[in-house]
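# Architecture at a glance
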2 protein chains.
Amino acid sequence: MDLKFISGGVCASKNFLANGIHCGIRKDKNKKDLALIFSEIPAHSAAVYTKNLVKGAPLIVTKEHIKINNGISQGIICNSGNANTCNADGIEIAEAMANLAANELNITPENILIGSTGVIGQKLNIEPIKNNIHELVKNLNHSPEASDSAARAIMTTDTQKKEIAAEFEINNKICHIGGIAKGSGMIHPNMATMLVFLTSDVNISSECLQKALSNCVDSTFNMISIDGDTSTNDMAVILANGSAQNNLIDSDNDEFKIFCSALNTILTKLSRMIAADGEGATKLLECRIFNASDLNTARICAKSVICSSLFKAAMFGADANWGRVLCALGYSGADIDVNKINVEFESNAGKIKVCENGAGLDFSEETAKKILNENEIIININSNSGNYTATAWGCDLTYDYVKINGSYRS
Amino acid sequence: MDLKFISGGVCASKNFLANGIHCGIRKDKNKKDLALIFSEIPAHSAAVYTKNLVKGAPLIVTKEHIKINNGISQGIICNSGNANTCNADGIEIAEAMANLAANELNITPENILIGSTGVIGQKLNIEPIKNNIHELVKNLNHSPEASDSAARAIMTTDTQKKEIAAEFEINNKICHIGGIAKGSGMIHPNMATMLVFLTSDVNISSECLQKALSNCVDSTFNMISIDGDTSTNDMAVILANGSAQNNLIDSDNDEFKIFCSALNTILTKLSRMIAADGEGATKLLECRIFNASDLNTARICAKSVICSSLFKAAMFGADANWGRVLCALGYSGADIDVNKINVEFESNAGKIKVCENGAGLDFSEETAKKILNENEIIININSNSGNYTATAWGCDLTYDYVKINGSYRS
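A quick note: this is a predicted structure, and the numbers were derived from the prediction, not measured.

Assigned secondary structure in chain A consists of eleven helices and 15 strands. Computed over the C-alpha atoms, the radius of gyration of chain A is 22 Å, within 12% of the 22 Å expected from 2.2 N^0.38 for a compact globule of 410 residues. Taking the principal axes of its C-alpha atoms as reference, chain A extends roughly 70 × 50 × 35 Å. The 410 residues of chain A split such that 62% are buried. Across chain A, every contact between residues at least 6 apart in sequence was considered, and the portion connecting residues at least 24 apart equals 81%. Per element, the accessible surface of chain A, about 14600 Å² overall, is 45% carbon and sulfur. Between the centroid of the 36 positive side chains of chain A and the centroid of its 45 negative side chains there is a distance of 3 Å.

Right, here's the structure in full:
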């Protein structure tokens, strides 16, 4: 499939508008804190949510709205600076956010989905949103700058804006998927993810959209871990408004496969962006498992390596401590034969094999250091036990992670 | 039960000798690296081991020796500086360690159990052990200093020696349990633990000894986590030589309960010592779950809080970020009602309730800061769902953890 990355983020999809502003939830006036994404025509929607039993109020209301409206939605409102989670009035406030946006857009509140991200357990004041909703809606537009402002408005400790868009064809019609994401700490998605808002002009049923999203999330967002903490507010939402005018995708056909392939490429890119911008991170870690006995085993192994605090700290120090890789595989819970495992470190500076059949090889520490001093490190693990592969993404554990999280609420 | 803590460590138990020396496995001549514990008469033995699939060679040989000898052992040899794990010749080297000690002690090698701790995947050179075994055995003695030297010889990144002993009575006979432990990083025991060597002069069968050890470990060592990494070399061993001359404990009777109670007290103390000395730690964290629906739920919840990197970093910063406690409970996998949960922080400086029925309370940040600035923090969590309790121990996540583990092999 031909897929071309383009600019424009969520506004790259036809008939989608966006805007992001500072409304006053965050103290720093230079930080935007309220985003809105809007489809000019009703869109099919699908979403995946955190499996944390503690769920942010916005997720509960979003789920309800998608259900009430039979998978039809038209907009997403999201604030940063406060997660609206573990608050007695959380549901009420999330509904008020939807009502304010809906009134201003002249649609029903059930057409609006809601996201919130930031500190848990502090009341979210609706006033700043109420006072600025008119401005937020008034300046909605199609420009790349509009998507940029929305992407910035959902950032918390993120240091990089996360935005993507791509163009591809279905039935000779030009189609688009665009997205923005946030996620930097409390990242260990479980069947869902950080906040990711995706738009598409592909003509696809809600059921197929949900299936595509759920499948792609399993091999992308669910394979990231920054700190092993599964957030209460993880959510990925996609709206598809059909403006590309391809034949409706309503079954598992060739067109569905093209859409899934495009979506998977987009989500993989976003996953890498999120992992690379992990709190305090200096390096992106990519762990690739080859020749595992089954897919689940491959995924468990890849994720266990990416999650090991000890291994992450070693990568920060560019220390080729492969024993910690084997250790993490050993306690992962996967049923593996550790005596068959080979380990190799790889980066732009080259690659080096450090372990074969579960035992150490003599290797040049100097070469290993050179490889591990790069800012993207690949850990290749050959299980020699089957045909399955999986990839997981994470980042190193650094002084700055501790610094950022020692005083997050301050 | 009356139990009195005394000095003497592993030598507090009658007819136990010990010694620890520098033999040359570690480069720094000021660091001891070889320990020996010896019972003058054959003792019943029991052990629990890591559940990591990657198991250190010393554990494999120890398990085999206990089996061959029907639960009778007489000595434990242990080196630090090298884990003898993931080495092609690991088993051979572990057996050589037992042979060298046995020859010098004039017993059979199967009477010797073996431990190793340190870096994984580097060959352990037997020469320094061979060259110094005579001196190690020659200077075995009963003194508190002897236990001290053994306790120091098994330390790696530990900053504090971990040693304990207690006296209690069974059938009017004075009995003892003594122990030494190491453990600072890669601490997330799973049915076993770091290295812990225990001695006792209680007269107890191997079966009862194993049962007591396994039970106590579940509520003590298995409730510690420093970094979520389950080591390849975790092992807890106990030798009981019967010198106290109480009636043989060979069933689940009252005397067995006294022994278990004493052992549990000892292991709880050691657990706290290990958690407080976690790599880079500045604070001991103790998470207590009250009124859980069952024991397993209580344990899972306590451990999930203790394991959260985000919560650990918040404790380092003395930040009362209780939302991270709820978040960790929510993703723990335990079946809990988050809307019933109360959270309270406690230390020598007082206590403060921060969350009730799953929602935040107004509280004084100043008071909270004062409480969290202490070096032992208790997190009290009331589940309001039943009658079960559990306690887990951990430590804060600090810059020094990252520093220590960024260059562990160097």
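Residue and element names in this part refer to chain B. By the secondary structure assignment, K182 is in strand 7 (residues 173–182). A relative accessible area of 8% places K182 in the buried class. A polar contact of 3.1 Å, which involves the side chain of K182, links it to the side chain of T117. There is a polar contact of 3.0 Å between the side chain of K182 and the side chain of T156.

Glancing now at the sheet that holds strand 13 (residues 359–360) of chain B. All names here are of chain B. Pairing within the open sheet is mixed, and its six strands lie in the order 13-12-11-14-10-15. Looking at which strands have only one partner, the edges of the open sheet turn out to be strand 13 and strand 15 (388–395). Two strands pair when backbone bridges link them, and strand 10 (residues 284–292) and strand 14 (residues 376–382) are joined in this way by seven bridges, in the parallel orientation. The residue bridging L284 from the neighbouring strand is E376, located in strand 14.

Here the focus is helix 7 (residues 295–307) of chain B. Every α-helix carries 3.6 residues per turn, so stepping three or four residues along brings you back to the same face. Residues and elements named next belong to chain B. An ideal rise of 1.5 Å per residue puts 18 Å on 13 residues; helix 7 measures up with 18 Å between its terminal C-alpha atoms. Restricting attention to buried positions, one finds in helix 7 the residues T297, A298, C301, A302, K303, S304, V305 and I306. The inward-facing, buried residues of helix 7 contact strand 10, helix 8 (309–316), helix 9 (323–330), strand 14 and strand 15. Its side-chain oxygen placed 3.1 Å from the backbone nitrogen of N296, D294 serves as the N-cap of helix 7.

Turning to the interface of chain B and chain A, a few remarks are in order. Of the residues lining the interface, 52 residues belong to chain B; the matching set on chain A comes to 53 residues. Of the roughly 4100 Å² buried between chain B and chain A on both sides combined, carbon and sulfur atoms contribute 59%. The tally of links between chain B and chain A comes to zero salt bridges. Where chain B touches chain A, the interface holds one residue pair in polar contact (both at pLDDT 80 or more).

The next subject is the packing of helix 11 (residues 399–406) of chain A against helix 8 of chain B. The interhelical angle for the contact between helix 11 of chain A and helix 8 of chain B, taken along N-to-C directions, is 70°, at an axis separation of 7 Å. In this view, helix 11 of chain A runs roughly perpendicular relative to helix 8 of chain B, as classed from their interaxial angle. Across from A:Y401, A:V402, A:N405 and A:G406 in helix 11 of chain A, the residues of helix 8 of chain B making contact are B:S309, B:L310, B:A313, B:A314 and B:F316. For the contact of helix 11 of chain A with helix 8 of chain B, the residue count by class is six nonpolar, three polar and no charged.

When two helices pack together, their arrangement is captured by the angle between the axes and the distance separating the axes. Residues and elements named next belong to chain A. The interhelical angle for the contact between helix 2 (residues 90–105) and helix 3 (residues 127–138), taken along N-to-C directions, is 35°, at an axis separation of 10 Å. Once helix 2 is placed against helix 3, the crossing between them reads as right-handed. Between helix 2 and helix 3, the residues in contact are M97, L100, A101, E104 and L105 and I129, K130, I133, H134 and V137, respectively. Taken together, the residues that form the contact of helix 2 with helix 3 break down as seven nonpolar, one polar and two charged.

The next thing to look at is the relation of the copies chain B and chain A. Note on the identical chains: chain B maps onto chain A by a rotation of 180° and an axial translation of 0.0 Å, with an RMSD of 0.1 Å. On the angle and the small slide along the axis, the relation comes out as a two-fold axis. It is B:Y399 whose C-alpha, among those of chain B, lies nearest the rotation axis, at 2.5 Å. A shared binding surface is used by both copies, with 100% of the interface residues of chain B retained as interface residues in chain A.

With that settled, the discussion passes to helix 10 (residues 365–372) of chain B. Residues and elements named next belong to chain B. Where helix 10 is concerned, the buried positions are A368, I371 and L372. Down the axis of helix 10, the smallest arc covering the buried residues is 90°, so these residues share one side. Seen from the open side of helix 10, the exposed residues pointing more than 90 degrees away from its buried face are E366 and K370. Residues of helix 10 that are buried sit in contact with helix 8, strand 11 (342–347), strand 12 (350–356) and strand 14.

Residues and elements named next belong to chain A. Pairing within the open sheet is mixed, and its six strands lie in the order 13-12-11-14-10-15. Only two strands of the sheet have a single partner each, and these edge strands are strand 13 (359–360) and strand 15 (388–395). Here strand 11 (residues 342–347) pairs with strand 14 (residues 376–382) via five bridges, running antiparallel. In the sheet register, V343 faces strand 14, and the bridge partner there is I381.

What follows covers the pattern of salt bridges. Residues and elements named next belong to chain A. This structure, assessed with the given rule, holds 26 salt bridges over all chains. Here D158 and K162 are joined by a salt bridge, their closest N and O atoms 2.7 Å apart. R288 is paired through a salt bridge with E286; the nearest N and O atoms lie 2.7 Å apart.

Now for the confidence of the model for chain A. Residue and element names in this part refer to chain A. Counting all residues, the mean pLDDT for chain A is 90, and 95% of those residues have values of 70 or more. Mean pLDDT in chain A bottoms out at helix 11, which sits at 82, and peaks at helix 3, which reaches 98. Among the prediction metrics, the complex's ipTM stands at 0.73, with pTM recorded as 0.78.

The subject of this paragraph is the nonpolar core. By size, the foremost hydrophobic cluster in this structure holds 83 residues, and its most contacted members are A:F259, A:L267 and A:F345. With residues near it in sequence (within four places) discarded, A:F259 still touches A:F168, A:I170, A:I177, A:S200, A:V202, A:I204, A:L209, A:A212, A:I238 and A:I249. A:C86, B:M223, B:A262 and B:I381 belong to the second-largest nonpolar core, a separate cluster that totals 81 residues.

Rules used throughout
- Residues numbered from 1 in each chain as written.
- Chains lettered and ligands numbered in written order.
- Predicted model: local features only at pLDDT ≥ 70, side-chain atom pairs only at ≥ 80, totals over all residues.
- Heavy atoms only, no water.
- Helix = DSSP H or I, 4+ residues; strand = E, 2+ residues; numbered from the N terminus.
- Rg over C-alpha atoms; globule rule 2.2 N^0.38 Å.
- Buried < 20%, exposed > 50% of the residue type's maximum accessible area, 1.4 Å probe, protein only.
- Contact = heavy atoms within 4.5 Å.
- Areas by Shrake-Rupley, 256 points an atom, 1.4 Å probe, with all protein chains shown as cover.
- Lys, Arg positive; Asp, Glu negative; His and termini not counted.
- Charge placed at Lys NZ, Arg CZ, Asp CG, Glu CD.
- Polar contact = N/O pair within 3.5 Å; in protein donor to acceptor, adjacent residues only side chain to side chain.
- Pairing = 2+ DSSP bridges.
- Expected span 1.5 Å × (residues − 1).
- Buried area = accessible area lost by both parts, 1.4 Å probe.
- Salt bridge = Lys/Arg side-chain N within 4 Å of Asp/Glu carboxyl O.
- Axes fitted to C-alpha atoms, helices over the stretch in contact; angles between N-to-C directions.
- Parallel < 35°, antiparallel > 145°, perpendicular 65-115°, else oblique.
- Nonpolar A, V, L, I, M, F, W, Y, C, P; charged D, E, K, R; others polar.
- Left-handed = near helix turned anticlockwise from the far one by under 90°.
- Least-squares fit on C-alpha atoms with pLDDT ≥ 70 in both.
- Arc of directions from axis to C-beta.
- pLDDT = per-residue confidence, 0-100.
- Core = buried A, V, L, I, M, F, W, Y, C linked by side-chain atoms within 4.5 Å.

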